[in-house]
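# Architecture at a glance
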Amino acid sequence: MSFLKNFIVVPAGIWQVPIIKILKKKKFNVYTLDDDALAIGHSYGKKNLKVRTNNIKKLKKFCNENKCKVISLSSDFGLNIKNQIENNKKLPNKLEQRKIQKKLKLNYPKFGKI
């Protein structure tokens, strides 16, 4: 069994930067995926995937060929893309994700009542 070395982080916004940095520090190859070519996370990843997020077929092919795992934090959009690529049925919610991020001492968006 080969060790997983490649991750795709989607989207590549400000809230994904901490996980990109952690994965890179642990010597993983980190690809970023975001339809915004200027998304800040692109500057931290190994490579910006120049594939539209709605091209699931092409993204699945890339993941299979490169043995990639898709990861997303604090983004329903990113979780939806991840689940489409990996054919998952269960969609975790943001609250569950934020609890994990807090436990790992990662930055995460905080919301309150107005």
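Reading the values: the criteria
Residues numbered from 1 in each chain as written. Predicted model: local features only at pLDDT ≥ 70, side-chain atom pairs only at ≥ 80, totals over all residues. Heavy atoms only, no water. Helix = DSSP H or I, 4+ residues; strand = E, 2+ residues; numbered from the N terminus. Contact = heavy atoms within 4.5 Å. Areas by Shrake-Rupley, 256 points an atom, 1.4 Å probe, with all protein chains shown as cover. Buried < 20%, exposed > 50% of the residue type's maximum accessible area, 1.4 Å probe, protein only. Pairing = 2+ DSSP bridges. Right-handed = clockwise from strand over helix to strand, strands pointing away. pLDDT = per-residue confidence, 0-100. Lys, Arg positive; Asp, Glu negative; His and termini not counted. Salt bridge = Lys/Arg side-chain N within 4 Å of Asp/Glu carboxyl O.

### Considerations on the overall build of the protein
What the protein contains, in helices and strands, is 4 helices and 4 strands. If you list the helices and strands of the protein from N to C, you get β-α-β-β-α-β-α-α. Across the protein, every contact between residues at least 6 apart in sequence was considered, and the portion connecting residues at least 24 apart equals 46%. Total accessible area computed for the protein in this model is approximately 7,800 Å², and 57% of it derives from carbon and sulfur atoms.

### Re the pairing of strand S1 (residues 6-9)
Both faces of the sheet carry side chains from a regular strand, because those side chains alternate between them. A two-sided burial pattern is seen for S1, the buried positions comprising Asn-6 and Ile-8 on one face and Phe-7 and Val-9 on the other. Pairing analysis gives 4 bridges linking S1 to strand S2 (residues 29-32), with the strands arranged parallel. Directly across from Val-9, in S2, lies its bridge partner Thr-32. Considered for its hand, the β-α-β crossover made up of S1, helix H1 (residues 17-25) and S2 is right-handed.

### Comments concerning the pairing of S2
Two strands pair when backbone bridges link them, and S2 and strand S3 (residues 47-48) are joined in this way by 2 bridges, in the parallel orientation. In the strand pairing of S3, Tyr-31 is matched with Lys-47.

### Comments concerning the confidence of the model for the protein
Per-residue pLDDT for the protein averages 85, and the proportion of residues at 70 or more is 89%. Of all helices and strands in the protein, the one with the weakest mean pLDDT is helix H4 (residues 94-103) (77), whereas S2 scores best (96).

### As for unusual backbone geometry
In this structure, Pro-11 follows Val-10 across a cis peptide bond, with omega equal to -15°. The phi dihedral of Lys-27 falls on the positive side, at around 70°, and the residue is not glycine. Turning to its location among the elements, Lys-27 is positioned in the loop between H1 and S2.

### Comments concerning the side chain of Asp-34
Of note, Asp-34 is situated in the loop between S2 and S3. Of the buried charged residues, Asp-34 lacks a salt bridge, with Arg-52 as the closest side chain of opposite charge at 7.8 Å. Every residue in contact with Asp-34, bar those within four places of it in the chain, is listed here: Pro-11, Ala-12, Gly-13, Ala-39, His-42 and Thr-53.

### Some words on helix H3 (residues 76-86)
Three or more residues of H3 are buried, namely Gly-78, Leu-79, Ile-81, Lys-82, Asn-83 and Ile-85. Just past H3, the residue Asn-87 takes up positive phi, approximately 55°.

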